[in-house]
Every structure is written in C-alpha cells, then in structure tokens.
Amino acid sequence: RDLHRWGLRRQKRAECPRRGIQTTWTASSHHVSPVFSRALTFGDKIAIVDQNGEHTYRELFCQSLRLSQEICRVLQCSSRDLKEERISFLCPNDASYVVAQWASWMSGGIAVPLYKKHPVQQLEYVLEDSQSALVIAADEYVGKISPSAKKLGVPVLPLRSHSSGSADHTAVEDVPLASSASWKDRGAMIIYTSGT
C-alpha cells in the first residue's frame, strides 16, 4: 500500500520464461524513495524525447530542483518542506510535466496534475477541492488558469519552457533533499478522473 506512493524502491528483476522479457516488480521494503532521487545516477543518459528535443536525467533533475526552490520562495517556505501542501500543475505532454511533478515532490508537496482539455470550470473545481496552495502553469496555459486561480486566491507560477542542452548543475546538485526515511508515509499525487 505505502510502496505504491513513489514508484521507486528496492526492485527485483524477474524473467518471463516464454519470451525472455525482463519485468520489474516491487519487493516489500521499508525503504521508499521518490523517483527523482535516482535521476543523477543516470546522469547524461537520455530520459525523455519530446517535441522540444532530448532531455537527460540530469537536466530534468536540475530543472526540477530549480523549480522546487521557486515554489518554496513563492509559498514562503524557508524549510523547503511544504508538508504535503497540494501543488497543481497544468503542462503539455512533454518534459515540463515531469519537471513540475518532480519539483512538487522535491518541495515536500503533493502533485495534482491538471488536464489541459478540461473546461475552466473543471480546473477550478480541482483547484478548490484539492485545496491547492499553488498552480504551476506552462506559458501557454497561464491565461486559461489564472482567472480561476485568482478567484480562489491561489498564486500562479509560470513554468518557462526550458530548452534541452547543458545547464549549470553545480549550484543545484548540492541542495540537500529530505532523507529517504521521511518519504515513506508521504502522499505523492491526487489524480482526478474524468468522472469526478
């Protein structure tokens, strides 16, 4: 039950006898780590290819950490732990989605993804029902979500598009994250289905 919250934890590989396919299953463990915690292990390997180009694990991690710092600045959280405040985000289906999601988690928040095709009333409902403290919106969606966010008193943090390529990694890699022990009992996401 708790192990499904974060996606990455100690894993064992099992081989499918018929096709030789490797599958991954989760072992029961008390050690729970968020998915971003291993990103730097993969460094400059390609993590995502989207319409904007290739994005390495390191780039995603660094962009997420910078956004996390911005989230904490906007919400005036000097401890860098939002203690499960809800962070909604409205992004296209590209690397910015991962950056917003990871940044929410790095900030100690619960990620609440918004669906770009939902009508404004549905987006407003999700913001209010989830009690979101902040909305992260990609540039192209700022205009769509801002009136609802303003009505509800929720700040909007525009997510500037990041080009792929090298970035200054030294400043962000030294920022301490919460210890892995503290992730075990934290919530990760609230997902609203179309039938909500």
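Residues numbered from 1 in each chain as written. Predicted model: local features only at pLDDT ≥ 70, side-chain atom pairs only at ≥ 80, totals over all residues. Heavy atoms only, no water.

**Regarding the overall build of the protein**
Argument step 1. The secondary structure content of the protein amounts to 6 helices and 10 strands.
Argument step 2. Split into buried and exposed, the 196 residues of the protein put 44% on the buried side.
Argument step 3. Nonlocal contacts in the protein, meaning residues at least 24 apart in sequence, comprise 65% of its contacts between residues at least 6 apart.
Argument step 4. Entry remark: accessible area of the protein is about 10800 Å², with carbon and sulfur atoms responsible for 49%. (Helix = DSSP H or I, 4+ residues; strand = E, 2+ residues; numbered from the N terminus. Buried < 20%, exposed > 50% of the residue type's maximum accessible area, 1.4 Å probe, protein only. Contact = heavy atoms within 4.5 Å. Areas by Shrake-Rupley, 256 points an atom, 1.4 Å probe, with all protein chains shown as cover.)

**Some details on helix 5 (residues 142-152)**
Argument step 1. Among the residues of helix 5, those classed as buried are I145, S148 and A149. Buried residues of helix 5, seen end-on, are gathered within an arc of 100 degrees and therefore sit on one face of the element. Exposed positions of helix 5 whose direction lies more than 90 degrees from the buried face are G143, P147, K150 and K151.
Argument step 2. Residues of helix 5 that are buried sit in contact with strand 7 (86-90), helix 4 (120-130), strand 9 (132-138) and strand 10 (156-159). (Arc of directions from axis to C-beta.)

**Regarding the packing of helix 4 against helix 5**
Argument step 1. At a minimum axis separation of 10 Å, helix 4 and helix 5 run at an interaxial angle of 40 degrees. In this view, helix 4 runs oblique relative to helix 5, as classed from their interaxial angle. Between helix 4 and helix 5 the crossing geometry is right-handed. Judged by residue contacts, V120, L123, E124, L127 and E128 of helix 4 engage K144, I145, S148, A149, K151 and L152 from helix 5. (Axes fitted to C-alpha atoms, helices over the stretch in contact; angles between N-to-C directions. Parallel < 35°, antiparallel > 145°, perpendicular 65-115°, else oblique. Left-handed = near helix turned anticlockwise from the far one by under 90°.)

**Here we look at the environment of S64**
Argument step 1. Relative to the assigned elements, S64 resides in helix 2 (residues 57-74).
Argument step 2. Exposure remark for S64: the relative accessible area of 0% places this residue in the buried category.
Argument step 3. S64 sits 36 residues away from A100 along the chain, and the two C-alpha atoms are 6.6 Å apart.
Argument step 4. Leaving out residues up to four positions away in the same chain, S64 has contacts with V98, V99, W102, A103 and M106.

**Quick look at the side chain of H118**
Argument step 1. You can see H118 is positioned in the loop between strand 8 (110-113) and helix 4.
Argument step 2. On the accessibility criterion, H118 (16% relative accessible area) is buried.
Argument step 3. With residues near it in sequence (within four places) discarded, H118 still touches L123 and K144.

**A look at the confidence of the model for the protein**
Argument step 1. In the predicted model, the protein carries a mean pLDDT of 80, and 72% of its residues have values of at least 70.
Argument step 2. Across residues 1-28, where pLDDT falls below 50, the model places 53 contacts with residues more than four positions away in sequence or in other chains.
Argument step 3. Predicted confidence is poor over residues 163-167, with pLDDT under 50, and the contacts of this stretch with residues over four places away or in other chains come to 9 contacts. (pLDDT = per-residue confidence, 0-100.)

**Details of the sheet that holds strand 7**
Argument step 1. Pairing within the open sheet is parallel, and its 4 strands lie in the order 8-7-9-10. The open sheet is flanked by strand 8 and strand 10, the only strands paired with a single partner. Strand-to-strand twist of the sheet, defined as the mean angle between neighbouring strand axes without regard to direction, takes the value 25 degrees.
Argument step 2. Sheet strands touched by helix 3 (residues 95-106): strand 7, strand 8, strand 9 and strand 10. Its angle to strand 7, the strand with the most contacts, is close to 170 degrees.
Argument step 3. Across the sheet, helix 4 touches strand 7, strand 8 and strand 9, and the angle it forms with strand 7 is around 165 degrees. (Pairing = 2+ DSSP bridges.)

**With respect to the packing of aromatic side chains**
Any two aromatic rings considered together are summarised by their centre-to-centre distance and by the angle between their planes.
Argument step 1. Here the structure, examined in full by the defined rule, presents 3 aromatic pairs.
Argument step 2. Considering the side-chain rings of F42 and Y57, the 5.0 Å spacing of their centres and the 35 degrees angle between planes classify their relative orientation as tilted. In this pair, F42 is assigned in helix 1 (residues 39-42) and Y57 in helix 2, connecting sequence segments 15 residues apart.
Argument step 3. Ring plane angle 85 degrees and centroid distance 6.2 Å describe the contact between Y125 and Y192, whose orientation is recorded as edge-to-face. Of this pair, Y125 sits in helix 4 while Y192 sits in the segment after helix 6 (170-173), and the two are 67 residues apart along the sequence. (Phe/Tyr/Trp six-rings, centres within 6.5 Å; stacked < 30°, edge-to-face > 60°.)

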